[in-house]
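Breakdown of the fold
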Amino acid sequence: MARVTVIGGDGIGPEVVAAAVRLVDAAGGQVEWEWAEAGGAVFEKGVASGVPAETIASIISTGVVLKGPLGTPVGFGEKSANVTLRKLFETFANVRPVRELPGVPTPYSGRGIDLVVVRENVEDLYAGIEHMQTPDVAQCLKLISRLGCARIARTALELAVAEGRGRVAVATKSNIMKLTEGMLQREFLAAAQDYPQIETSHIIVDNAAHQLVKAPEQFEVIVTTNMNGDILSDLTSALVGGLGFAPSANLGTSAAIFEAVHGSAPKYAGRDVANPTALVFSAVLMLRHLGQFDAGRRLEQAVFATLADDVHTQDVKTRPPVGTSEFTDAVEARLGRTSLTPSRDYQRLVLPDITREEARTEPGSRQKVGVDVFIESTDDPARVGEKLEALTRGTVYSLKMVSNRGTVVWPATGAATGCVDHFRARFVVTDFSRWTQESILELLRAVAGTYRWMHVEKLETLDGEPSYTRAQGEN
Ligand code: NAD
């Protein structure tokens, strides 16, 4: 018996989770369920994280969760309880498989779509580190680590091996974000050296979106950063019938959380109309994770057989729909049937266990070469440049350029670049013999006499290479 923490969640969650639990048991899954709470009801009790201590204790003890969607207050106030769970348990890989389903007509029917999006799950813009830098300019930090990239890259390659898939593409925006998105591209291509049997490639993420709509059958596994993966995996779920059919697994070395890609669909809550398939397929992923491959196959085949018989909930517009419970009954009645859609042969997925030390690189040389200081000002760029240049006199720095939202506006470029009240001044060290840590503070003191500064970045070279990017238009 495997112990699993089960969370009903919000909206349609309790109905689709109940369906999945019933079907896992009926399919012969050896699971002892531990019911726990998270989400809306918990926020209402005043627990700001949406995840109470008892739920965390249960997950620590079981290491496996089947959960319904949790409603997230949008835009302000509480943090998402989903993101809290993913981050608390460092479930760094979000695995989202989709495949063409029998009896679910789509514009792609007959093309044999069968692919997995492997999304990095704890870094990137979802770290949620945001600041109002001025009253009118907001910033969100995109933090990407070598450790995060190495383990998601290897997870995707291991998944291809475990599922007998031959191709893995890494999708990034490395042409624009060379250091952050580029890090995943570089780590993936390095890891790929250890998997000569897998065909690997890089694709720019916007082209990946284009190709997924044009010829999705060319992909087997796509590995990508958190934000890209969020968007691409909603797209891929639409290719096979929509969110009602898209399962996911959040995998980490201490816990695995299985849930549908969809949210709580509040308008359908309590009406016995929601499609439970996504949650049931998530339970199939869970059974495989538990090594209960036979029960997983039996359940998957029963769902395929049900769909092939044109038994559908109202999100599939073919026959008159059935409700959530009638659909669940129909799947249960087909347990033991083999459908015409074969299940894959799965082996256990071995997650890479890369330590922080293993992912760490030690550059041979590190040289301070300057500092970027971000300031608030409504002055025009010429005035900003003039004032900042004047205050470098007598310091070890000179002003190299000023940019506004990443584009050089001083020295003047002749272009009519629009400006907001948020400038970045790039100061470079001109006198290395006099430079000390104190030099940065002296510079900041000087800037503060003229402008309100809110953010500073040191500029370094690592092994002689700049560890920062140029501004648009900077030479
Ligand atoms: P949603 O997925 O709930 O709904 C999007 C659309 O798909 C709606 O039209 C909905 O009715 C439909 N839909 C979704 N699941 C369905 C199902 N099983 N059967 C039939 N139709 C289904 O997305 P949303 O409206 O953007 O979000 C609602 C709430 O869910 C928000 O609070 C959001 O934060 C939360 N959410 C939670 C998760 C999660 O828990 N992992 C994921 C996404 C959104």
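Residues numbered from 1 in each chain as written. Predicted model: local features only at pLDDT ≥ 70, side-chain atom pairs only at ≥ 80, totals over all residues. Heavy atoms only, no water.

Brief notes about the overall build of the protein
Regarding its fold elements, the protein presents 14 helices and 18 strands. Of the contacts made within the protein by residues no fewer than 6 positions apart, 76% connect residues no fewer than 24 positions apart. Here the protein contributes 48 positive and 58 negative side-chain charges, whose respective centroids are spaced 3 Å apart. (Helix = DSSP H or I, 4+ residues; strand = E, 2+ residues; numbered from the N terminus. Contact = heavy atoms within 4.5 Å. Lys, Arg positive; Asp, Glu negative; His and termini not counted. Charge placed at Lys NZ, Arg CZ, Asp CG, Glu CD.)

Focus on the domain arrangement of the protein
For the protein, the assigned domains read domain 1 (1–92 + 240–344), domain 2 (107–239) and domain 3 (366–466). Centre-to-centre, using C-alpha coordinates, domain 2 lies 34 Å away from domain 3. Contact with domain 2, which involves six residues of that partner, is made by seven residues of domain 3. Of all residues in domain 2, Gln133, Thr134 and Val137 bury the most surface against domain 3, accounting for 73% of the area lost on that side. At the junction of domain 2 and domain 3, the tally comes to zero salt bridges. Counting across the domain 2 and domain 3 interface gives four residue pairs in polar contact (both at pLDDT 80 or more). (Domains from an automatic or database assignment. Buried area = accessible area lost by both parts, 1.4 Å probe. Salt bridge = Lys/Arg side-chain N within 4 Å of Asp/Glu carboxyl O. Polar contact = N/O pair within 3.5 Å; in protein donor to acceptor, adjacent residues only side chain to side chain.)

Comments concerning the site of the ligand
Near the ligand you find 21 residues, and of these Leu70, Thr72, Asn82, Gly263 and Ala265 are the closest. The contact in question runs from a nitrogen atom of the ligand to an N or O atom on the side chain of Glu259, over 3.1 Å. In the model, an oxygen atom of the ligand is placed 3.3 Å from a nitrogen or oxygen of the Lys267 side chain. Considered on its own, the ligand offers 810 Å² of accessible surface; in the complex 69% of this is hidden by protein. Of the residues that constitute the shell around the ligand, the class distribution is nine nonpolar, seven polar and five charged. (Near = heavy atom within 4 Å. Areas by Shrake-Rupley, 256 points an atom, 1.4 Å probe, with all protein chains shown as cover. Nonpolar A, V, L, I, M, F, W, Y, C, P; charged D, E, K, R; others polar.)

Structural notes on the packing of helix H9 (residues 277–289) against helix H10 (residues 293–308)
Close contact between H9 and H10 brings their axes to 7 Å; oriented N to C, the two are set at 160°. When the interaxial angle is binned, H9 and H10 end up roughly antiparallel. Every pair of crossing elements has a handedness; the one defined by H9 and H10 is left-handed. Two secondary-structure elements touch here, H9 through Thr277, Val280, Phe281, Val284, Leu287 and Arg288 and H10 through Phe293, Ala295, Gly296, Leu299, Glu300, Val303 and Phe304. Looking at the contact of H9 with H10, its residues break down into nine nonpolar, two polar and two charged. (Axes fitted to C-alpha atoms, helices over the stretch in contact; angles between N-to-C directions. Parallel < 35°, antiparallel > 145°, perpendicular 65-115°, else oblique. Left-handed = near helix turned anticlockwise from the far one by under 90°.)

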